[in-house]
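The lines below spell out each chain.
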Amino acid sequence: RGAGQHLQSLALGANALGGGTQDLAEVLRSLPNLRRLNLRQNNLSIADLWALCNMTQLEILQIQGNSLEGDAPRVWKCLAGLGHVQILDLSHNGIFAVPGADWKDDMV
């Protein structure tokens, strides 16, 4: 087992991780027990978020200040699968529509 198996918190804010590269996805796949993830201000796009979809242990997810633009129904569907998330920060992303109160039930 790698060292990442035990890591619970990772802060990668204010870097240049966006751009749809597989590097971010590979790193996140190696961290199955991650509970807190800070990816703020990384120029991430909606395409970059697919790496988060299987991170079912996440409790705190900070992805504010990226390039997540539009109404992004795929993002909501992905995030709906993150059943342990208690804090989700999507501020300063240019998202212009959010689903109604029952969005999680509609998306799964």
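Below is a short write-up of the structure. (Residues numbered from 1 in each chain as written. Predicted model: local features only at pLDDT ≥ 70, side-chain atom pairs only at ≥ 80, totals over all residues. Heavy atoms only, no water.)

### A look at unusual backbone geometry
(1) Moving on: One non-glycine residue, Ala14, adopts positive backbone phi at about 60°.
(2) Moving on: Here Ala14 lies in the loop between strand 1 (9–11) and helix 1 (22–29).
(3) Moving on: Relative accessible area serves as the criterion here: at 47%, Ala14 is assigned to the partly exposed category.
(4) Moving on: You will see that Gln41, though not glycine, has its phi angle at about 50°, which is positive.
(5) Moving on: Tracing the chain through its elements places Gln41 in the loop between strand 2 (36–38) and strand 3 (60–62). (Helix = DSSP H or I, 4+ residues; strand = E, 2+ residues; numbered from the N terminus. Buried < 20%, exposed > 50% of the residue type's maximum accessible area, 1.4 Å probe, protein only.)

### Details of the sheet that holds strand 2
(1) Moving on: The four strands lie next to each other as 1-2-3-4, forming an open sheet whose pairing is parallel. This sheet does not close on itself; its edge strands, each paired only once, are strand 1 and strand 4 (87–89). Adjacent strand axes in the sheet meet at a mean angle of 5° when their direction is disregarded.
(2) Moving on: Here three bridges tie strand 3 to strand 4, and the two strands are oriented parallel to one another. Looking at the pairing, Leu61 lines up with Leu88 of strand 4. (Pairing = 2+ DSSP bridges. Axes fitted to C-alpha atoms, helices over the stretch in contact; angles between N-to-C directions.)

### A word on the side chain of Asn93
(1) Moving on: As for its placement among the helices and strands, Asn93 is situated in the loop between strand 4 and helix 3 (103–107).
(2) Moving on: Since its relative accessible area comes to 4%, Asn93 is described here as buried.
(3) Moving on: Among the polar contacts listed, one links the side chain of Asn93 to the backbone oxygen of Ile63, at a separation of 3.0 Å.
(4) Moving on: Separated by 3.4 Å, the side chain of Asn93 and the backbone nitrogen of Leu68 make a polar contact. (Polar contact = N/O pair within 3.5 Å; in protein donor to acceptor, adjacent residues only side chain to side chain.)

### Some points on the nonpolar core
(1) Moving on: Core analysis: the largest hydrophobic core is formed by 23 residues, its most contacted members being Leu37, Leu52, Leu61 and Ile63.
(2) Moving on: Residue assignment for this core shows that the elements contributing at least two residues are helix 1 and helix 2 (73–80).
(3) Moving on: With residues near it in sequence (within four places) discarded, Leu52 still touches Leu28, Leu37, Leu39, Leu61, Ile63, Cys78 and Leu82. (Core = buried A, V, L, I, M, F, W, Y, C linked by side-chain atoms within 4.5 Å. Contact = heavy atoms within 4.5 Å.)

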